[in-house]
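# Fold and contact review
Here is how the chains run, residue by residue.
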Amino acid sequence: ALALTRLGRATLEGRPLDALGTALRDALLGGEPTPRALERGLGPAGMPRLAAWRDLGLVAPPRRGSNALLLQKRRALARRAAPQELLGLPAGDRTNARSALRQLARELHPDRFDPALAATSGEVLRALLDAEASLR
């Protein structure tokens with residue numbers, strides 16, 4: 001699934017495009033999933049356009065849930081949650097700490113967020129690293 005990025009919105013919104021580009025842009029602006037947008041009359045002809053837009057950074061896979069997870073971990077950090085809770089592990093589980101850390105690091109890495117949230121993400125990631133180290 002692909003969605004318009006911030007750059008894609010700024011570049012494509014309100015711009016005159018050919019019929020294929022207009023249909024694809026409108027479907028993506030409307031929040032339709034990519035396969036459904038392609039079924040809506042765009043068909044195989046829309047795939048090269050979509051690939052080109054992806055290469056230009058106009059569309060990308062949506063980042064769903066990352067902000068919610070970041071907020072959840074930030075709240076757990078603020079209330080000084082136990083290391084297992086911070087890593088999302090059951091109480092007493094120390095064996096899966098490393099894999100839990102890796103999964104969370106992929107989702108909460110500062111590079112995945114806008115600069116406004118990158119500092120918070122870095123803080124949470126440092127706390128996750130400390131939590132994993134304390135369980136070793």
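For the structure itself, look to the data block above.
Reference entry: report on the structure contained in this document.

Cut-offs applied
- Residues numbered from 1 in each chain as written.
- Predicted model: local features only at pLDDT ≥ 70, side-chain atom pairs only at ≥ 80, totals over all residues.
- Heavy atoms only, no water.
- Buried < 20%, exposed > 50% of the residue type's maximum accessible area, 1.4 Å probe, protein only.
- Helix = DSSP H or I, 4+ residues; strand = E, 2+ residues; numbered from the N terminus.
- Arc of directions from axis to C-beta.
- Core = buried A, V, L, I, M, F, W, Y, C linked by side-chain atoms within 4.5 Å.
- Contact = heavy atoms within 4.5 Å.
- Axes fitted to C-alpha atoms, helices over the stretch in contact; angles between N-to-C directions.
- Parallel < 35°, antiparallel > 145°, perpendicular 65-115°, else oblique.
- Nonpolar A, V, L, I, M, F, W, Y, C, P; charged D, E, K, R; others polar.

### Let's talk about helix α2 (residues 19–29)
Residues of α2 that are buried include every one of Gly21, Leu24, Arg25, Ala27 and Leu28, and no others. Burial along α2 is one-sided: seen end-on, the buried residues are contained in an arc of 165 degrees.

### Things to note about the nonpolar core
A general tendency of soluble globular proteins is for nonpolar side chains to be buried together. Grouped together as the largest cluster of nonpolar side chains are 19 residues, with contacts concentrated most on Leu86, Leu87, Leu89, Leu104, Leu108 and Leu128. For this core, the secondary structure elements donating two or more residues are α5 (66–78), α6 (83–87), α7 (97–108) and α8 (115–135). The element best represented in this core is α8, accounting for 6 residues. In contact with Leu89, other than residues within four places in its own chain, are Gln84, Asn96, Ala97, Ala100 and Leu135. In this structure, Leu12, Leu28, Leu50 and Trp53 belong to the second largest nonpolar core, which totals 9 residues.

### Thoughts on the packing of α7 against α8
Running from N to C, α7 and α8 point in directions that differ by 175 degrees, and their axes come no closer than 10 Å. In this view, α7 runs roughly antiparallel relative to α8, as classed from their interaxial angle. Contacts between α7 and α8 involve Ala97, Arg98, Leu101, Leu104, Ala105 and Leu108 on the former and, on the latter, Ser121, Val124, Leu125, Leu128, Leu129, Glu132 and Leu135. Among the residues making up the contact of α7 with α8, the classes are represented as 10 nonpolar, 1 polar and 2 charged.

Geometric values such as these leave the question of function open.
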